[in-house]
Amino acid sequence: MGAYFINSLWVTGLSAAAVVCFGAWAGFALSKARFPLRKFWLALFFIGMILPVQSYLIPLTGLLEKLGVHDSLWALILPYTAQNLPVAILLFAAFFVSLPAELEEAAKLDGVRTARFYFSILLPVARPAVATIVAITCLNTWNEFLMAMLFIVDPAMKTLPVGMIAFEQAHNTDYPALLAGLSLISVPTLLVYAIFNKQIIRGVIAGAVK
Amino acid sequence: MRDARKLKRWFGVGFVTLAFVLTGHRLALTQPGPNRLKFAHTFTTDSERAILDAAVAEFERGHPGVKIEQIISNSEVYNTVGWRLQFQGRNQPDLYFHWQGFKVEYCLERGWAMDLTPHLAPGFLEQFVPSAIQKQNGALYFLPQSIDISNLVWYDRDRFARLHLHEPGTLREWLRLCAQLRQNGILPLAQGNRDLWPMGNFAAELLGQSLGVEKSGRLFQPHRPINPEYLGRLQTLIEMRDLGCFDLSGVLERGAIGGLGDIDAKVLFLSGRSAQHILGSWFLADVQDARSKDELKFSIGLFPVPPGDGETDALTAVTTGFLVNPTTRNPKAAVEFLELLLSRKYQSEFAKLGNLSARRDAVEFTSDPLAKRMLELLATTPVIVPPPDTGYRPEQAAVFYEMCGKLLTGRLGLPHAAEYWAKEKKNLARKGL
Amino acid sequence: MTRRGQILFFLPALLVFLVFVLLPSTQTLIDSFYSHQGIKHPFVGTLYYRYAVTDPKFHQSLGNNLKYLLWTLLFEVAAGLALAVGLEKNTRFNNFLRVAFFSPAVLSMVVVGLVFGFLFKDGVGVLPGMLNEGRALLTISVISGWASAGFFMVIFLAGLANVPEDVLEAARLDGASARQTFWRIKLPLLKEVIYVALLICFTGAFKAFDLFWVLLQNQEHTSIVSTLLVKEVIRFDNQGYGSTLAVILTVLVLLSVAIIIGAKNLWRRGERRGPL
């Protein structure tokens, strides 16, 4: 169970980091009115947002195998990132559109380079959006079951939900251990929810209304 | 203020670095090495695992540097999904457990098994019953671990004694016995058919008894027609249901059989809520588990599913064993481990758990009375039929399992069963299966 | 920022999305026209689609999806709306209840399935018989309502918070009852949010998987399209038909989104032309 927990932490942490990073970059780019094909990209990501995982699930196994990452934590991190990116991009794009253009101008005048501008100005300003995206992505990836079930064969690489099912089947009547396992999945999300319930609820609303 | 934030950031960076150093190896894309053998199997009970762990420990002592990593799956998951998916992984097992029949054939076809003969110690094969060693074109891929009997009726001896009941010899007697149990306020059989194979395997044995191995086997072949007369024996399923063999108010409600898992049913029997339970020979390992934890409050007996009048006493059974993946980097060690596992020392340990070894000396070391009984049954049975999920193509077996589930819940009447089965087969053919 | 900088910013996300979502989605579509039996993969045209049209298992699964959709409209959306209206006032106690009602939404469906599965287990659990053939689908819908009603409540609360105070004030002055205020004023103003809720509920009903898989994956009466397709692929090694089912599922999801958005636009246009 401990190993599953650590796997889940890595998968969730890295997916969320990648989603925020790539999502904010792309969202910022798409917030510019003159970005080429802007409407098309936004529509594409909207479709990506509503696309069920089953649409791309089946060939992913083969693809991950070809990339040589099948049966490693990357086999989850990469698809999870892709799956959660569309919402992040749309949210960030909407957020940055409302950002005053002076900010960038001022930065340019100060001679701030792109990378610095991004990390020291843009992300801090976008903090509410970042919190929202981190909250939704973490919840989604921490609890994801279907892909984790199909893409991970090696028991050492299983994440909590899949590991939990395997454990339940093997130790059906070991109730104390089962209860411990169930809490290991649920307590972190409940705890995070107890602390960040405002951000999470804001995230749900933002994600829903977008 | 600024310093505090800086401190916090350094703290965060430090934490992530520490986490990476401690657990970051999980993110590495490992390559299989010659000193790390992955062994996939389905031995989940504590008693079985203790034996395996001992064998692994002995092997690792004798082969310094070589590690055996066990990949343990639930047998239903392995049987339906894992057996094939494990070869998609980057970390394919080096050696793996299997049921002989369709699945082993499939593995051979795909090149997932290698010829073991070059690596076997001289004289090793002579330790086994000749019929258990099946060579193909001079090559041997499969080493037998055990013969699993798929359906046995396990019963509460104490309860039978109290009610002056005896092991039935015929189907009529058995049904009468079930009715008597029920009259005495005891659930005759705790069965959970949620996942369809438990009662499906039982039904396959009924067909085996009435039809014999060839006729019943033909039913599962693609494109073969279904003769309605052949299915008459499935009437027993319906009779048993109508008799109330599977339900008793207060224990299991009517119709519960369809929603109950096999493991839950097993637990119900072991906790004394029912008088009998139908399950394969591997159940003895669970019985030993319960005994060693001192959870078993009664003594257990077993008898084979009794045949109908004038029928042969067929058994449903399958040989289990091990194969070695040709991609392994250390075939010699893999085979040596299997030789150790199949040696008298460990096979005699397994025999205490109902494992019916294919070794010639199995009779000598099988001492548990229940396991002995099973060996006798195997030795005397005139007909052995395979359980559908290991003997035939999975989708063909699934059709039969689903049909039996429907018969049991009353969704399908027996007169329409042949028609249903034929139609489902036609459907499979239409989607190219 | 330069145009080149913008594109550089955009590329990583596009690449990940392209490789792990768009490419495999297209591949699914292609795979649905090929047989994957054995080593060779011959082109079979629309064979699997024609098969799906007459496949009783697919029909049953799709029917279950639709039944599940109707039940979740009741247990998730309607229940969520009721909760939102009930907890609309900003009091400490209500706030606590909102947090409590939403909390199951952060739980893994696997956990929810395992816990309820245990409660409903015959012979052991406290409420046996809930997963019997006649009721299993309803039971699963109720569980899913328990888990998600709070989620919809939150969305509706956000909508209710946007109802202008002066409109409510005016209604109160006119002596409208609470019920009248709800039906005549709040509900029409919630329209936007209701569309969103419907969108999520409809797509969710087709995307559902975890709960069904954990509770009753092998029973026909709880088979849904997503469990059917997973079984087809991993059990029967029939990637062709599995892909076909995936394509159909995708079309159903996209279609329901299109219909809801279309309805919304139509409604709006109708309103603009209306007597007001």
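Our structure's up above, just so we're on the same page.
All figures in this text were calculated on a predicted structure; none of them were measured in a lab. (Residues numbered from 1 in each chain as written. Chains lettered and ligands numbered in written order. Predicted model: local features only at pLDDT ≥ 70, side-chain atom pairs only at ≥ 80, totals over all residues. Heavy atoms only, no water.)

Draft legend 1. Just the overall build of chain A, in detail. Counting secondary structure elements, chain A contains 10 helices and 0 strands. In sequence order, the secondary structure elements of chain A are arranged as α-α-α-α-α-α-α-α-α-α. Over its C-alpha atoms, taken along the principal directions, chain A stretches across nearly 65 × 40 × 30 Å. Across the 210 residues of chain A, 55% fall into the buried class. The contacts of chain A with a sequence gap of at least 6 include a subset with a gap of at least 24, amounting to 78%. Of the accessible surface of chain A, which amounts to about 8,300 Å², a share of 69% is contributed by carbon and sulfur atoms. (Helix = DSSP H or I, 4+ residues; strand = E, 2+ residues; numbered from the N terminus. Buried < 20%, exposed > 50% of the residue type's maximum accessible area, 1.4 Å probe, protein only. Contact = heavy atoms within 4.5 Å. Areas by Shrake-Rupley, 256 points an atom, 1.4 Å probe, with all protein chains shown as cover.)

Draft legend 2. Region of interest: the overall build of chain C. Scanning chain C for helices and strands turns up 12 helices and 0 strands. Listing every helix and strand of chain C by position from the N terminus yields α-α-α-α-α-α-α-α-α-α-α-α. Projecting the C-alpha coordinates of chain C onto the three principal axes gives extents of approximately 75 × 65 × 40 Å. In chain C, once contacts between residues fewer than 6 apart in sequence are set aside, the share between residues at least 24 apart is 66%. Surface summary for chain C: the accessible area is close to 12,700 Å², and the carbon and sulfur share equals 68%. Each charge class in chain C was averaged separately, 24 positive and 16 negative side chains, and the resulting centres sit 5 Å apart. (Lys, Arg positive; Asp, Glu negative; His and termini not counted. Charge placed at Lys NZ, Arg CZ, Asp CG, Glu CD.)

Draft legend 3. Representation of the environment of Ala79(C) within the structure. Residue and element names in this part refer to chain C. Locating Ala79 in the fold gives a position in helix H3 (residues 56–86). You can call Ala79 partly exposed: its relative accessible area is 26%. Ala79 has contacts with Leu74 and Ala149, leaving out every residue within four places of it along the chain.

Draft legend 4. Summary view of the sheet that holds strand E7 (residues 274–279) of chain B. Residues and elements named next belong to chain B. The mixed open sheet is built from 4 strands, whose spatial order is E6-E7-E5-E8. Edge strands, defined here as strands with exactly one partner in the open sheet, are strand E6 (187–189) and strand E8 (300–304). Across the sheet, the mean angle separating the axes of adjacent strands is 20° when strand polarity is ignored. As paired strands, E6 and E7 are joined by 2 bridges and run parallel to one another. For Leu187, the partnering residue across the bridge sits in E7 and is Ser274. (Pairing = 2+ DSSP bridges. Axes fitted to C-alpha atoms, helices over the stretch in contact; angles between N-to-C directions.)

Draft legend 5. Spatial organisation of the interface of chain B and chain C. Each side of the interface is counted separately: chain B has 37 residues, and chain C has 31 residues. Between chain B and chain C, the buried area comes to about 2,800 Å², and carbon and sulfur atoms account for 45% of it. The largest per-residue losses of area from chain B upon contact with chain C belong to Arg84(B), Arg430(B) and Lys431(B), which jointly make up 22% of the total buried on that side. The interface formed by chain B and chain C contains 8 salt bridges. Residues Lys431(B) and Glu232(C) are paired through a salt bridge, measuring 2.9 Å at the closest nitrogen-oxygen approach. Applying the counting criterion to the chain B and chain C interface returns 15 residue pairs in polar contact (both at pLDDT 80 or more). Of all the secondary-structure elements, those providing two or more residues to the side of chain B that touches chain C are helix H3 (75–85), helix H9 (262–270), helix H16 (394–409) and helix H17 (414–430) of chain B. Tallying contributions element by element places H16(B) first for the side of chain B that touches chain C, with 6 residues. Partitioned by chemical class, the residues of the side of chain B that touches chain C number 13 nonpolar, 8 polar and 16 charged. (Buried area = accessible area lost by both parts, 1.4 Å probe. Salt bridge = Lys/Arg side-chain N within 4 Å of Asp/Glu carboxyl O. Polar contact = N/O pair within 3.5 Å; in protein donor to acceptor, adjacent residues only side chain to side chain. Nonpolar A, V, L, I, M, F, W, Y, C, P; charged D, E, K, R; others polar.)

Draft legend 6. Broad picture of the side chain of His36(C). All names here are of chain C. For His36, the location among the structural elements is in the loop between helix H1 (3–31) and helix H2 (47–54). A residue is classified by how much of its surface remains accessible, and His36, at 11% relative accessible area, is buried. Sequence-distant contacts of His36, that is, excluding residues within four places in its chain, are made with Asp31, His41, Tyr48, Asp237, Gln239 and Gly240.

Draft legend 7. The arrangement of the pattern of salt bridges in detail. Residue and element names in this part refer to chain B. For the coordinates displayed, the defined rule picks out 32 salt bridges over all chains. A salt bridge links Lys38 to Glu69, with the shortest nitrogen-to-oxygen separation between them at 3.6 Å. Within this pair, whereas Lys38 is found in strand E1 (residues 36–41), its partner Glu69 is found in strand E2 (residues 67–72), the two being separated by 31 residues in sequence. Owing to a relative accessible area of 24%, Glu69 belongs among the partly exposed residues under this scheme. Residue Glu311 pairs with Arg233 through a salt bridge whose shortest N-O separation is 2.9 Å. Remark: Arg233 occurs in the loop between helix H7 (197–219) and helix H8 (235–243) and Glu311 occurs in the loop between E8 and strand E9 (315–324); sequence separation between them is 78 residues. For Glu311, a relative accessible area of 23% corresponds to the partly exposed category.

Draft legend 8. Here's a closer look at the interface of chain A and chain C. With 66 residues of chain A at the contact, the number on the chain C side is 62 residues. Between chain A and chain C, roughly 5,400 Å² of surface is buried when both sides are summed, and carbon and sulfur atoms account for 81% of that area. The largest contributions to the chain A side of the interface with chain C come from Gln54(A), Ile58(A) and Tyr193(A), which together make up 12% of the buried area. Here chain A and chain C share 0 salt bridges between them. Put simply, chain A and chain C have 6 residue pairs in polar contact (both at pLDDT 80 or more) between them. Here the side of chain A that touches chain C gets 14 residues from one element, more than from any other, and that element is helix H10 (residues 175–209) of chain A. Class assignment of the residues belonging to the side of chain A that touches chain C gives a composition of 50 nonpolar, 11 polar and 5 charged.

Draft legend 9. Examining the pairing of E7(B) more closely. Residue and element names in this part refer to chain B. Among the 6 residues of E7, 6 are classified as buried, and the element is accordingly described as predominantly covered. Where strand E5 (residues 152–156) lies against E7, 4 bridges are found, and the strand directions are antiparallel. What sits directly across from Trp154, in E7, is His277.

Draft legend 10. Seen up close, a positive patch on the surface. Together, Arg127(A), Arg5(B), Lys6(B), Lys8(B) and Arg9(B) give the surface a local cluster of positive charge. Per-element accounting of the positive patch gives the leading share, 4 residues, to helix H1 (residues 2–23) of chain B. Following the sequence through the fold, Lys6(B) ends up in helix H1. (Patch = residues over 30% accessible without salt bridge, like charges linked within 9 Å, V, L, I, M, F, W, Y side chains within 5 Å.)

Draft legend 11. Molecular detail of the nonpolar core. In this structure, Phe45(A), Phe92(A), Phe145(A), Met149(A), Phe151(A) and Phe10(C) are the most contacted members of the largest nonpolar core, which totals 98 residues. Leaving out residues up to four positions away in the same chain, Phe151(A) has contacts with Leu57(A), Leu60(A), Thr61(A), Leu64(A), His70(A), Asp71(A), Ala75(A), Leu76(A) and Pro79(A). Membership of the second largest hydrophobic core comes to 77 residues, among which are Leu189(B), Phe202(B), Ala371(B) and Leu414(B). (Core = buried A, V, L, I, M, F, W, Y, C linked by side-chain atoms within 4.5 Å.)

Draft legend 12. Broad picture of the packing of aromatic side chains. Residue and element names in this part refer to chain B. Taken as a whole, this structure holds 52 aromatic pairs over all chains when the rule is applied. On the numbers, 6.0 Å between centres and 50° between planes, the contact of Tyr78 with Trp99 is tilted. Taken as a pair, Tyr78 in helix H3 and Trp99 in strand E3 (residues 95–99) lie far apart in primary sequence, 21 residues in all. Grouping residues by exposure puts Tyr78 and Trp99 together as buried. (Phe/Tyr/Trp six-rings, centres within 6.5 Å; stacked < 30°, edge-to-face > 60°.)

Draft legend 13. Region of the structure containing H8(B). Residue and element names in this part refer to chain B. Burial in H8 covers these residues: Thr236, Leu237, Ile238, Met240 and Arg241. Those residues of H8 hidden inside the fold are in contact with helix H6 (171–183), E6, H7, H16 and H17. With its phi angle positive at about 85°, Gly244 sits one or two positions after the end of H8.

Draft legend 14. Region of the structure containing the environment of Leu184(A). Along the chain, the position of Leu184(A) falls in helix H10. Those residues in contact with Leu184(A), other than ones at most four positions away along the chain, are Met1(A), Phe5(A), Trp142(A) and Leu160(A).

Draft legend 15. Here's a closer look at the pairing of E1(B). Residue and element names in this part refer to chain B. Of all 6 residues in E1, 5 are buried, a share of seventy percent or more. As judged from the 6 bridges shared by E1 and E2, these two strands associate in the parallel manner. The residue of E2 that forms the bridge with Arg36 is Lys67. Viewed along the sheet, the connection from E1 through helix H2 (residues 46–62) into E2 turns out right-handed. (Right-handed = clockwise from strand over helix to strand, strands pointing away.)

Draft legend 16. Layout of the environment of Asp313(B). All names here are of chain B. Within the element layout of this structure, Asp313 appears in the loop between E8 and E9. When its relative accessible area of 29% is taken as the criterion, Asp313 is described as partly exposed. Between the C-alpha atom of Asp313 and that of Thr381, which follows or precedes it by 68 residues, the distance is 6.5 Å. Beyond its immediate stretch of four places on either side in the chain, Asp313 contacts Gln209, Pro304, Val305, Pro307, Thr381 and Pro382. At a separation of 3.5 Å, a polar atom in the side chain of Asp313 contacts the side chain of Gln209.

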